[in-house]
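Examining the three-dimensional arrangement
These are the residues of each chain, in order.
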Amino acid sequence: MAPGNGIQTSGSNIKAIEGSSVHQITSGQVVIDLQTAVKELVENSLDAGATNIEVRFKDYGLKSIEVVDNGTGIAPEDYDSIALKHHTSKLTSFEDLTTVTTFGFRGEALSSLCALSDSLTVTTATAQQSPMGTVIEMAPSGTIKSRSGKVARQRGTTICVSGLFTPLAVRRKEFERNAKREFGKALNLLSAYALVPCTHENKGVRLQVSNQPNGGRKTVQLKTDGSTSINASVTALWGPKSLENVVDLDLQFLVDMDRTVARRLKDSGEGDTEVKVKGLISSFAVGCGRTGTDRQFFFINGRPCSPSRVQKAFNEVYRSFNTNQSPFIVANFILPTNACDINVSPDKRTIFLHSENNLIQALKVICHPSHSQLPS
Ligand code: ADP
Ligand code: MG
């Protein structure tokens, strides 16, 4: 490939990497494992306003992963850019990043999945095209291989990824060796999406996940009924007993904005950010918690994430009441979109919280017995 910017580098030791290699190198960082692959597909369905999402694994995802939704579908004029790198329908400029409310915004997922699999097929129909859908086969480069297939399809989109990681020999081998564990991690992450109705209008999402082992029968792994309540989702995932000794989490407090952050945001106001935390937590009495931290789910504005310091703060406060146990936690932090940076890691699971120290401090104060907003 010719080096960019018209700069002559012939004879130089430093040369531009050839285009398709760049694509493979960077894609391998966007989709790192099975759980990121399926997460990206489910997030796309949620972004498309789906209220019904079915995830079908074949052979724990080794053979294929298919996500079927009843979202908006993709219009024919958009087919060409579905899987082109950095092509997205969700964001147009860097400034939009502070206000974005969709899960996706970088336009990398589908292009990466094309580069990292044997084949990727999109079947889609908009309301206008329903009940007829178009089958689009993508090439590894993200361009269209064929778009002539037609099938009966109600409004929505199906994306099927076969042979994930085959082009990366080492990663494929690892995946084959650890398929069941990787599948378990993917299920756990899917539980987070099943839990808090994570769409913005909270219309409730019916999520069903199944697996069909090689030569075996398809079995349902998890299923929610589309209710908008967290309690109903918890019951659907782990049974009614899992709500015993669990209380509502409903906090509201002001976080002092760091002076440096306030200056950067050119915020002339009070410098306080209002934070709400909604969800569920184990009662603070002895014996009401769990033996491990396995069921702790955190969200920032509905986006599942792993804020390790916030999680640690919760566990610390909890253990000051119930020394030997850990709480069940579902905690959705609701805060202004400009008070967090979601564009930190490729998988968007790490989120920078402006003034995180102050937030944690405020959280500890509010959970403390002398000032508790928490029911005991
Ligand atoms: P991003 O989500 O960051 O925009 P993706 O590569 O995940 O990037 O998807 C590219 C585009 O393809 C999306 O912006 C969207 O317009 C379209 N798309 C992908 N999946 C779906 C889906 N399930 N339903 C409707 N549109 C979709
Ligand atoms: Mg996406």
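Residues numbered from 1 in each chain as written. Chains lettered and ligands numbered in written order. Predicted model: local features only at pLDDT ≥ 70, side-chain atom pairs only at ≥ 80, totals over all residues. Heavy atoms only, no water.

Between Ser130 and Pro131 the backbone carries a cis peptide bond, its omega angle lying at 10°. Its place among the elements puts Pro131 in the loop between strand E3 (119-125) and strand E4 (132-138). With phi around 60°, Asn245 is a residue other than glycine that occupies positive phi space. Residue class for Asn245 comes out partly exposed when judged on its relative accessible area of 41%. Unusually for a residue other than glycine, Asn301 sits at a positive phi of about 50°. (Helix = DSSP H or I, 4+ residues; strand = E, 2+ residues; numbered from the N terminus. Buried < 20%, exposed > 50% of the residue type's maximum accessible area, 1.4 Å probe, protein only.)

Moving on, we get to the site of ligand 1. In the vicinity of ligand 1, 20 residues are found, and the nearest of them are Asn44, Thr88, Ser89, Lys90 and Gly107. Within the contact set of ligand 1, an oxygen atom lies 2.5 Å away from a side-chain nitrogen or oxygen of Thr88. At 3.0 Å, a backbone N or O of Phe105 approaches an oxygen atom of ligand 1. Against a free-state accessible area of 540 Å², the protein chains account for coverage of 91% of ligand 1. Among the secondary structure elements, those contributing two or more residues to the shell around ligand 1 are helix H2 (34-47), helix H3 (109-115) and strand E6 (156-162). For the shell around ligand 1, the per-class residue count stands at seven nonpolar, nine polar and four charged. (Near = heavy atom within 4 Å. Polar contact = N/O pair within 3.5 Å; in protein donor to acceptor, adjacent residues only side chain to side chain. Areas by Shrake-Rupley, 256 points an atom, 1.4 Å probe, with all protein chains shown as cover. Nonpolar A, V, L, I, M, F, W, Y, C, P; charged D, E, K, R; others polar.)

Another aspect to go through is the sheet that holds strand E5 (residues 144-152). Pairing is mixed across the open sheet formed by eight strands, whose spatial order is E5-E4-E3-E6-E2-E1-E7-E8. Looking at the sheet topology across the chains shown, the edges are occupied by E5 and strand E8 (219-223). The average angle at which neighbouring strand axes cross in this sheet is 15°, direction not considered. One ladder, built from four bridges, connects strand E7 (residues 206-212) with E8; its direction is antiparallel. Considered in E8, the bridge of Asn211 is made with Thr219. (Pairing = 2+ DSSP bridges. Axes fitted to C-alpha atoms, helices over the stretch in contact; angles between N-to-C directions.)

This paragraph deals with the nonpolar core. Among soluble globular proteins, nonpolar side chains are generally buried collectively. Of all hydrophobic cores here, the largest spans 59 residues; its most connected members are Ile53, Val55, Phe57, Leu113 and Leu164. At 10 residues, helix H5 (residues 179-195) tops the list of elements feeding residues into this core. Leave out the neighbours within four places in its chain, and Val55 touches Val38, Val42, Glu66, Val67, Leu190, Leu207, Gln208, Val209 and Ser210. Counting residues in each nonpolar core, the second largest holds 37 residues, with Leu251, Val255, Cys288 and Ala339 among its members. (Core = buried A, V, L, I, M, F, W, Y, C linked by side-chain atoms within 4.5 Å. Contact = heavy atoms within 4.5 Å.)

Moving on, we come to the packing of H5 against helix H6 (residues 230-238). Here H5 crosses H6 at 150°, and the two axes come no closer than 9 Å. For the pair formed by H5 and H6, the contact residues are Ser191, Ala194 and Leu195 on the first element and Ile230, Ser233, Val234, Leu237 and Trp238 on the second. Within the contact of H5 with H6, the residues separate by chemical class into six nonpolar, two polar and no charged.

Moving on, we get to helix H1 (residues 19-30). An ideal rise of 1.5 Å per residue puts 16 Å on 12 residues; H1 measures up with 17 Å between its terminal C-alpha atoms. The secondary structure elements touched by the buried residues of H1 are H2, H3 and helix H4 (169-177). (Expected span 1.5 Å × (residues − 1).)

Right, let's get into the sheet that holds strand E13 (residues 329-334). Judged by pairing direction, the sheet is mixed, and its five strands sit side by side in the order E9-E10-E13-E11-E12 without closing on themselves. Only two strands of the sheet have a single neighbouring strand rather than two, namely strand E9 (246-256) and strand E12 (303-305). Direction aside, neighbouring strands of the sheet carry axes that sit 25° apart on average. Direction of pairing for strand E11 (residues 296-300) relative to E12: antiparallel, over a ladder of three bridges. Along E12, the bridge assignment pairs Phe298 with Cys305.

Scanning the entire structure with this criterion turns up 14 salt bridges. Its salt-bridge partner being Asp47, residue Lys90 comes within 2.9 Å of it at the nearest N-O pair. Here the residue Lys90 occupies a position in the loop between strand E2 (64-69) and H3, and Asp47 occupies one in helix H2, the gap between them amounting to 43 residues. Judged by its relative accessible area of 22%, Asp47 falls in the partly exposed class. Residue Glu176 pairs with Arg172 through a salt bridge whose shortest N-O separation is 2.8 Å. (Salt bridge = Lys/Arg side-chain N within 4 Å of Asp/Glu carboxyl O.)

Quick look at the environment of Arg309 now. For Arg309, the position within the fold is in helix H8 (residues 308-319). Sequence separation between Arg309 and Ile360 is 51 residues, and the spatial gap between their C-alpha atoms is 7.9 Å. If sequence neighbours within four positions are ignored, Arg309 has contacts with Glu356, Asn357 and Ile360.

A contiguous nonpolar surface patch, about 250 Å² in accessible area, is contributed by Ile17, Val22 and Ile25. Tracing the backbone through its elements, the reader meets Ile17 in the segment before H1. (Patch = residues over 30% accessible without salt bridge, like charges linked within 9 Å, V, L, I, M, F, W, Y side chains within 5 Å.)

The next subject is helix H9 (residues 356-367). For H9, built from 12 residues, the straight-helix expectation of 16 Å at 1.5 Å per residue is met to within 8% by its first-to-last C-alpha distance of 16 Å. Glu356, Leu359, Ile360, Ala362, Leu363, Ile366 and Cys367 are the residues of H9 that are buried. Burial along H9 is one-sided: seen end-on, the buried residues are contained in an arc of 160°. (Arc of directions from axis to C-beta.)

With that settled, the discussion passes to the side chain of Thr126. Mapped onto the elements, Thr126 comes out in the loop between E3 and E4. Overall, Thr126 belongs to the buried group, its relative accessible area being 8%. Setting aside residues up to four positions removed in sequence, Thr126 forms contacts with Thr72, Gly73, Ile74, Ala75 and Arg155.

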